[in-house]
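Letter by letter, the chains look like this.
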Amino acid sequence: MGRTYFRGTAIATACAVAALIAACGHNDDLQAPPADPDTAADQRAAALVAQMTTAEKIQMVHGTGMPTLGYGTFPADALSGASYIPGISRLGIPKVSSADSAGGVNVNNARVTALPAPVALAASWDPVLANEYGTRIAVELRTLGYAEGLGGGVNLAREPRDGRTFEYMGEDPVLSGTMSAARTVGTQSQKVIATIKHYAMNDQETNRNTADSQVDERTLRETELLAFEIGVKEGQPGSVMCSYNKLNGTYACENPYLLTDVLKTEWGFKGVVQSDWGATHSTVPSVLAGLDEEQPGAADDSNTSSPLFAYFGSYFNTKLQAAVAAGTVPIVRLNDMVQRKLRTLVRIGIMDSPPTAGGAIDEAAGNAFALKVAQQSAVLLKNAAPAGAQQAVLPLAAANLSSIVVIGGHADVGVLSGGGSGAVPAIDGNAVSSCQQPAGQLFGGCATWYKSAPLAAIKAKAPNASVSYFDGNDANAAANAAAQADVAIVFATQWQTEGLDLPSLSLPDNKADASNQTYDQNALIAAVAAKAKRVVVVLENGSPVLMPWLGNVHGVLESWYPGVQGGQAIADLLFGDANPSGKLPISFPKQDSDLPQPVISATDLSVKYSEGLLMGYRWYDAQQIEPLFPFGFGLSYTNFAYSNINASADGAGNVTVTFTVTNNGARAGEEVAQVYAALPAGLGEPPKRLVGWQKLALQPGQAQPVSVTIPAQRLATWDVTNHAWKINGGSYGFIAGASSRDANALTKSLSLAGR
Ligand code: GLC
């Protein structure tokens with residue numbers, strides 16, 4: 001039986017149980033839910049706050065610098081992470097060391113596991129896998145002594161050239177929020193605080209510290225804030241990280257609407273709002289707006305000698321002490337800030353079981369999981385038969401291959417990963433040593449390559465074939481070799497990093513990425529395709545890529561940044577030992593000019609979301625622009641058919657869509673069956689929105705009945721008059737298919753009452 005994923009399960013269930021108890025009055029047969037663990041956590045925290053001095057309270061609400069940058073002075077137990085907050089031993093309050101952990105623990109000198117990037121995890125569409133992903137990272141964080149992981153980025157891909165696209169979960173709020181919540185639950189199950197970030201509308205790196213995202217209320221609520229709403233309500237992360245940018249004129253980390261009205265009052269968030277590192281811009285305004293923790297802060301803010309002090313600032317140390325003394329920050333607000341931190345430490349289990357440093361990472365377990373994620377997140381974009389042949393080019397059959405040419409992408413030594421705080425160090429050294437890191441650049445420069453060589457893994461799959469490698473610098477030589485081979489496999493790479501946006505979605509050449517590229521990748525692929533009998537392109541990237549050569553190649557496999565077992569996973573997928581089952585979490589456009597924001601301005605600090613609700617596939621649908629590959633698209637080595645759709649609603653307006661998926665092919669495979677909703681006409685909504693899905697494992701010939709329940713809330717629009725969600729009456733279309741643009745999708749109309 002497949003797994004159904006939609007929002008609201010936890011909420012609906014809890015409400016149902018509570019309603020049942022209320023309706024039935026006290027009923028001995030019905031076990032009352034256990035005492036709310038949050039209440040207990042709050043009570044313990046309040047008792048601690050009551051014993052703390054003002055100085056101790058102040059100490060709890062700011063970091064002391066950034067150990068990994070050597071910014072600040074730290075005791076030996078501070079570890080090498082992104083933040084260190086000392087404990088208060090007389091009260092049994094443990095220290096809190098935090099580390100970045102987007103796709104693995106970002107610390108040096110530890111044998112941590114670099115998992116496939118979060119965008120790859122999103123491509124699996126599997127919250128169970130996301131839960132395991134969060135768990136794996138947390139196990140390694142805690143083994144090293146970290147109490148908090150700064151990993152859960154859910155900023156939406158409004159701008160796919162964003163240099164942090166690899167760190168996030170794509171363009172849809174329901175997919176991003178659901179996958180984030182599952183990851184958070186996994187992380188916190190290991191007694192590690194999870195963060196969700198960057199709150200909010202931090203959707204490009206250009207001018208990130210000063211730009212003003214200008215977004216209308218309805219767009220805000222129905223797009224990126226919906227991802228956060230799902231992530232916060234269903235994942236219950238201990239921390240929410242507010243972002244660098246302004247939102248509608250006010251910095252996110254001192255924005256009362258974001259931090260208090262929406263997050264704390266409407267959503268009931270009881271954890272900690274922590275600033276991004278250097279995103280605090282004031283003391284009183286930010287505290288009163290709802291900021292609870294300044295990062296990285298400074299232990300001694302009289303020492304302003306470091307240039308990083310100017311970047312990071314310090315507002316919650318002596319300035320906060322002065323504000324509390326002056327009464328401009330009421331003591332009750334300071335108490336609330338400390339209460340939030342302490343109740344989170346209690347709720348997640350750190351207060352009673354602080355992590356200890358120095359454990360040994362289980363690398364075998366980490367590698368096995370990294371391989372599993374890479375196999376389940378790769379997306380097969382094209383798989384055609386060469387002219388005159390019956391059989392599609394993939395999977396490769398070793399028995400039929402006597403010569404294979406592998407070309408480019410440093411496939412002889414490793415696989416690519418992204419840069420910045422979302423990176424994970426290459427623990428056995430960078431597989432590519434030819435790059436010289438430009439001096440003094442905080443971001444940009446040399447890419448990270450993990451020593452997981454696709455070439456070696458391909459050779460192992462075809463021991464009787466002659467397998468040669470060409471590095472791609474000589475396109476003619478590679479093309480001529482491809483002409484003589486049974487198949488050519490070209491690796492194409494797109495490096496991206498925090499701090500920079502991509503100049504284009506075009507595959508970078510030595511001008512676009514001088515540090516990491518030495519030739520024109522598109523020209524290489526075109527040259528090989530012109531001569532090869534069979535040619536497959538393997539992509540290693542964090543954002544979509546343009547493919548001017550698509551019509552001339554037979555296969556395209558999207559492997560994202562595939563992590564520390566990426567070479568093996570790519571070979572497993574190419575040779576069919578794993579069947580691709582990923583689906584795109586982000587649209588691939590045909591050209592940059594098809595994007596809602598064709599150009600990212602380097603000078604205009606007003607980032608206007610003039611496209612409104614039309615983010616991602618919503619844009620292409622509404623503008624009737626054909627994407628290169630649509631959101632939700634992905635092929636398999638088998639094929640699936642959809643039949644017998646039906647839809648019905650219960651008394652509360654929750655909709656259940658049923659249909660059958662059949663594996664019509666000759667091998668087992670997994671299918672992500674998606675359900676979209678077309679809202680009633682006249683509401684100003686995009687043509688459709690994702691409302692649910694189910695990932696199915698099907699044997700050959702197996703027909704699986706599918707039932708996807710969609711909570712009424714999933715069909716809501718944001719009413720800007722009443723500043724609330726609204727369920728509109730009218731005729732809804734429910735669409736079940738293999739992607740957001742499946743020509744064979746099934747549709748069923750259903751009239752629903754307004755609420
Ligand atoms: C940053 C990033 C944030 C990261 C933090 C600590 O610049 O925006 O994602 O967690 O600093 O490294």
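It should be emphasised that the depicted structure is a prediction, and the values quoted were computed from it without experimental measurement.

Draft legend 1. The arrangement of the overall build of the protein in detail. When you go through the protein residue by residue, the secondary structure sums to 19 helices and 28 strands. For 755 residues, the compact-globule formula gives about 27 Å, and the C-alpha radius of gyration of the protein, at 26 Å, lands near that figure. Seen along its three principal axes, the alpha-carbon backbone of the protein occupies a region of about 80 × 65 × 50 Å. Taken across its 755 residues, the protein has 62% of its residues classed as buried. Pairs at least 24 apart in sequence give 76% of the contacts found in the protein among residues at least 6 apart. With the model as given, the accessible surface of the protein reaches about 25,800 Å², and the carbon-plus-sulfur share is 53%.

Draft legend 2. Broad picture of the UniProt feature "domain: Fibronectin type III-like" (unreviewed entry) in the protein. Following the UniProt record, the feature "domain: Fibronectin type III-like" (unreviewed entry) maps to residues 671–740 here. A helix fraction of 0% and a strand fraction of 57% characterise residues 671–740, whose end C-alpha atoms lie 14 Å from each other.

Draft legend 3. Quick look at the domain arrangement of the protein. Once the domains are mapped, the protein shows domain 1 (2–348), domain 2 (378–581) and domain 3 (638–752). Here domain 2 and domain 3 have C-alpha centroids that lie 35 Å from each other. Taken together, the contact between domain 2 and domain 3 spans 4 residues of the former and 7 residues of the latter. The largest share of the area that domain 2 buries against domain 3 comes from Gly-576, Asn-579 and Ser-581, three residues that together contribute 92% of it. The interface formed by domain 2 and domain 3 includes 0 salt bridges. Looking at the side of domain 2 that touches domain 3, its residues break down into 1 nonpolar, 3 polar and no charged.

Draft legend 4. How the structure looks around the state of the cysteines. Considering all chains together, one arrives at 2 disulfides under this definition. Between the sulfur atoms of Cys-242 and its disulfide mate Cys-253 the distance is 2.2 Å. Between Cys-242 and Cys-253, the S-S torsion sits near 110 degrees, and that sign places the bridge as right-handed. Note that Cys-242 is positioned in strand 7 (residues 239–242) and Cys-253 in the loop between strand 9 (250–251) and helix 9 (256–266), a separation of 11 residues in sequence. Across the pair, exposure class does not vary: Cys-242 and Cys-253 are buried alike. One disulfide bridge connects Cys-435 with Cys-446, the sulfur atoms lying 1.9 Å from each other. Taking the sign of the S-S torsion, -85 degrees for the link of Cys-435 and Cys-446, the bridge is left-handed.

Draft legend 5. A look at the environment of Ala-426. Along the polypeptide, Ala-426 turns up in the loop between strand 13 (415–417) and strand 14 (448–450). Put simply, Ala-426 and Ala-110 are 316 residues apart on the chain and 10.0 Å apart in space, counted from C-alpha to C-alpha. Dropping the residues within four chain positions of it, Ala-426 is found in contact with Thr-448, Trp-449 and Tyr-450.

Draft legend 6. View of the environment of Ile-85. Along the chain, Ile-85 falls in strand 2 (residues 83–85). You can call Ile-85 buried: its relative accessible area is 2%. Sequence separation between Ile-85 and Ile-735 is 650 residues, and the spatial gap between their C-alpha atoms is 50 Å. If sequence neighbours within four positions are ignored, Ile-85 has contacts with Gln-59, Met-60, His-62, Gly-63, Lys-95, Val-96, Glu-293, Gln-295 and Lys-341.

Draft legend 7. Main features of the sheet that holds strand 6 (residues 212–214). Read across the open sheet, the 4 strands follow the order 9-8-6-19; overall the sheet is mixed. Two strands bound the open sheet, and with one partner strand each, they are strand 9 and strand 19 (606–608). Across 3 bridges, the pairing between strand 6 and strand 19 is parallel. Bridge pairing links Gln-214 to Lys-608 in strand 19.

Draft legend 8. Seen up close, the site of the ligand. Near the ligand lie 13 residues; those nearest to it are Asp-100, Arg-164, Lys-197, His-198 and Asp-276. Within the side chain of Asp-100, an N or O atom sits 2.5 Å from an oxygen atom of the ligand. Between the ligand and His-198 there is a distance of 2.6 Å, counted from an oxygen atom to a side-chain nitrogen or oxygen. Within the complex, 95% of the 310 Å² of free accessible area of the ligand lies under protein. Class assignment of the residues belonging to the shell around the ligand gives a composition of 5 nonpolar, 2 polar and 6 charged.

Draft legend 9. Broad picture of the pattern of salt bridges. Throughout the structure, instances matching the rule amount to 36 salt bridges. For Lys-461, the salt bridge goes to Asp-577, with nearest N and O atoms at 2.6 Å. In this pair, Lys-461 sits in helix 15 (residues 454–461) while Asp-577 sits in the loop between helix 18 (566–574) and strand 19, placing the two residues 116 residues apart along the sequence. When its relative accessible area of 53% is taken as the criterion, Asp-577 is described as exposed.

Draft legend 10. Focus on the pairing of strand 20 (residues 640–649). Pairing between strand 20 and strand 21 (residues 655–663): 8 bridges, direction antiparallel. The partner of Ser-648 across the bridge, within strand 21, is Thr-656.

Draft legend 11. Quick peek at the pairing of strand 10 (residues 272–275). Alternating positions in strand 10 separate into two faces, Val-272 and Gln-274 on one and Val-273 and Ser-275 on the other, with burial throughout. Direction of pairing for strand 7 relative to strand 10: parallel, over a ladder of 4 bridges. Bridging across to strand 10, Ser-239 finds its partner in Val-272.

Draft legend 12. Expanded view of the sheet that holds strand 20. With antiparallel pairing, 3 strands are arranged side by side in an open sheet as 20-21-24. Bordering the open sheet on either side are strand 20 and strand 24 (703–710), each of which pairs with just one other strand. Taken pair by pair, the neighbouring strands of this sheet meet at an average axis angle of 20 degrees, ignoring direction. By the bridge criterion, 8 bridges tie strand 21 to strand 24 in an arrangement that is antiparallel. Bridge pairing in strand 24 links Val-655 to Ile-710.

Draft legend 13. Representation of the confidence of the model for the protein. Averaged over the protein, the pLDDT score is 95; the fraction of residues at 70 or greater is 95%. Segment residues 6–28: pLDDT under 50, and 19 contacts once partners within four positions in sequence are set aside and those in other chains are kept.

Draft legend 14. Geometry of helix 12 (residues 318–326). Listed in full, the buried residues belonging to helix 12 are Leu-320, Ala-323 and Val-324. All buried residues of helix 12 lie within an arc of 100 degrees about the axis, which places them on one face of the element. Facing away from the buried side of helix 12 by more than 90 degrees, the exposed set consists of Ala-325 and Ala-326. Looking at the packing, one finds that the buried side of helix 12 touches helix 3 (54–60), helix 10 (284–289) and helix 13 (331–348).

What counts and what doesn't
Residues numbered from 1 in each chain as written. Predicted model: local features only at pLDDT ≥ 70, side-chain atom pairs only at ≥ 80, totals over all residues. Heavy atoms only, no water. Helix = DSSP H or I, 4+ residues; strand = E, 2+ residues; numbered from the N terminus. Rg over C-alpha atoms; globule rule 2.2 N^0.38 Å. Buried < 20%, exposed > 50% of the residue type's maximum accessible area, 1.4 Å probe, protein only. Contact = heavy atoms within 4.5 Å. Areas by Shrake-Rupley, 256 points an atom, 1.4 Å probe, with all protein chains shown as cover. UniProt positions renumbered as here; feature names shortened; annotations may be inferred. Domains from an automatic or database assignment. Buried area = accessible area lost by both parts, 1.4 Å probe. Salt bridge = Lys/Arg side-chain N within 4 Å of Asp/Glu carboxyl O. Nonpolar A, V, L, I, M, F, W, Y, C, P; charged D, E, K, R; others polar. Disulfide = S-S within 2.5 Å. Pairing = 2+ DSSP bridges. Near = heavy atom within 4 Å. Polar contact = N/O pair within 3.5 Å; in protein donor to acceptor, adjacent residues only side chain to side chain. Axes fitted to C-alpha atoms, helices over the stretch in contact; angles between N-to-C directions. pLDDT = per-residue confidence, 0-100. Arc of directions from axis to C-beta.

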